[in-house]
Amino acid sequence: MTQHVPKNILVTGGAGFIGANFVHYYFSRYPGRPVVVLDALTYAGNYANLQPISEHPGLTFVHGDIRDDDLVLSLLKEHKIDTIVHFAAESHVDRSIHGPDAFIDTNVVGTHALLKAAKVRWLDTGTGMAHRFHHVSTDEVYGTLGPEDPPFSEETPYRPNSPYAASKAGSDHLVRAYHETYGLQTTISNCSNNYGPYQFPEKLIPLVISRIMDSGEIPVYGDGRQIRDWLYVDDHNAGIDVILNSGIPGETYNIGGNNQTTNIDIIHHICDCLEDRYPGARSLITHVTDRPGHDRRYAINADKIRRELDFSPQHNFNAGIRKTIEWYLANESWWRKVMDGSYREWVRANYEQRR
Ligand code: NAD
Ligand code: TYD
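Residues numbered from 1 in each chain as written. Chains lettered and ligands numbered in written order. Predicted model: local features only at pLDDT ≥ 70, side-chain atom pairs only at ≥ 80, totals over all residues. Heavy atoms only, no water.

Draft legend 1. Up close: empty space enclosed by the protein. Counted by the stated rule, this structure contains one cavity of 30 Å³ or more. Its volume calculated, the largest cavity comes out at about 60 Å³. As for the largest cavity, its lining consists of V93, E140, N161, S162, R228, R291, P292, G293, H294, D295 and Y298. Counted by class, the lining of the largest cavity contains three nonpolar, four polar and four charged residues. (1 Å grid on protein atoms, 1.4 Å probe; cavity = no way out; pocket = protein on both sides within 12 Å on 5 of 7 lines; lining within 4 Å. Points joined across faces, edges and corners; volume = space filled by probe spheres on them. Nonpolar A, V, L, I, M, F, W, Y, C, P; charged D, E, K, R; others polar.)

Shown next, in the form of structure tokens:
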């Protein structure tokens, strides 16, 4: 197995949902290794997501944009970065339908700016440093599956259906091209839907939990029979860690939760978990107009990462969702704070027209 030992790591989007969980995970595993977080603090990024580790001596937080190549290049130099883990993105499908431009700007142009800076630093200036550029991507690049189709493998052709998925597909292709053309040591992971602490309540699971706690409507797009393969966020980050250490440059690895469930079953399950505290939660369920171009089913074949890197997720759905619900119950002030005026404006824009 190829071995890479990251010394100085740059985490883009480290104040977002998965990126912040990654930094928590990384410090708990490698307390002596420094981490630089670069995050533009968009509506989805929140410094409070790093609060529990804000005193960690290894943490450097930089408020900035991945598209700023000068800034990125200076961070790579100043902090002797040898490993980039690239989470920063616009990540919400519904927002990409309302306003695709930001998705092209950050996901495509931003990823390209990072790749350019990495190439300059690690290849062109002849530092000869062992390095890794890990790009965090999604299973949505593969499009949608019918009920009987085999799950997505790394060989499945790209057929993105939403502007979000198309922008991630574009960034995946650029990462691949920088490996093939210039020899940048890249890896890519394509992961299924994540859930866990610090997820912004525009995404299904935290939206449902917060709506139940607020006695608000739970909006179900269409018939609610769409299927996703849900993965607890720490398992995603453990998979990324394994790829950083042992993944083969130029390769792509799918990461999945082995848990295909319909949206409506997820919603019923969360309502039932909260029934004791919030009785009658199922009555909040409201079917609304479907998302245009809504992918019907995602499912991941994660054989490659299991076979080649000996990685499998540790949480089953019941364990992961229990932890997640407990976190949202205990951190009501966190999610109330992030649901500011711009969040309410988004809810109005997205849901009013669905009635
Ligand atoms: P998120 O929206 O919660 O966080 C994104 C972070 O990126 C935020 O902190 C934001 O401030 C930052 N950011 C956005 N634009 C930036 C820019 N131009 N420069 C610097 N920082 C910027 O997203 P997430 O759910 O944590 O997803 C992280 C990554 O994982 C994304 O690349 C996403 O495509 C991928 N992914 C997500 C899921 C999922 O279920 N959430 C599944 C598979 C893959
Ligand atoms: P989401 O969390 O937005 O993730 P993605 O679209 O990337 O899979 O949505 C998960 C599923 O839940 C998706 O099929 C859309 C559906 N959904 C609803 O039914 N209602 C909602 O209000 C939201 C936000 C999503």
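Draft legend 2. Structural view of unusual backbone geometry. The backbone of K80 sits at a positive phi, close to 50 degrees, despite the residue not being glycine. Secondary-structure assignment places K80 in the loop between α2 (69-78) and β4 (83-86). In this structure K80 comes out as exposed when scored by relative accessible area, which is 55%. (Helix = DSSP H or I, 4+ residues; strand = E, 2+ residues; numbered from the N terminus. Buried < 20%, exposed > 50% of the residue type's maximum accessible area, 1.4 Å probe, protein only.)

Draft legend 3. Expanded view of the layout of surface pockets. Here the second largest pocket is characterised by a volume of approximately 290 Å³. Lining the second largest pocket are 14 residues, and of these E154, Y158, R176, I188 and T252 lie nearest its centre. Those elements that place two or more of their residues in the lining of the second largest pocket are α5 (163-182) and β6 (186-191). Among the elements that take part in the lining of the second largest pocket, α5 stands out by supplying four residues, more than any other. Taken together, the residues that form the lining of the second largest pocket break down as four nonpolar, four polar and six charged.

Draft legend 4. Local environment of the site of ligand 2. Neighbouring residues of ligand 2: 19 residues in total, closest E140, R228, R291, H294 and Y351. N193 places a side-chain nitrogen or oxygen 2.9 Å from an oxygen atom of ligand 2. Within the contact set of ligand 2, a nitrogen atom lies 2.8 Å away from a backbone nitrogen or oxygen of P219. In the complex, the protein chains occlude 97% of the 510 Å² of accessible area that ligand 2 would expose alone. Those elements that provide at least two residues to the shell around ligand 2 are α3 (93-98), α6 (204-213) and β8 (218-221). (Near = heavy atom within 4 Å. Polar contact = N/O pair within 3.5 Å; in protein donor to acceptor, adjacent residues only side chain to side chain. Areas by Shrake-Rupley, 256 points an atom, 1.4 Å probe, with all protein chains shown as cover.)

Draft legend 5. Region of interest: the site of ligand 1. Taken together, 28 residues lie around ligand 1, and I18, D39, S91, Y164 and K168 are the ones closest in. A distance of 2.7 Å is found between an oxygen atom of ligand 1 and a backbone nitrogen or oxygen belonging to I18. Out of a free accessible area of 840 Å², ligand 1 has 96% covered by protein chains. For the shell around ligand 1, the elements supplying multiple residues, two or more each, are α1 (17-29), β5 (132-138) and α5. At three residues, β5 tops the list of elements feeding residues into the shell around ligand 1. When the residues that make up the shell around ligand 1 are grouped by side-chain class, the tally is 13 nonpolar, 12 polar and three charged.

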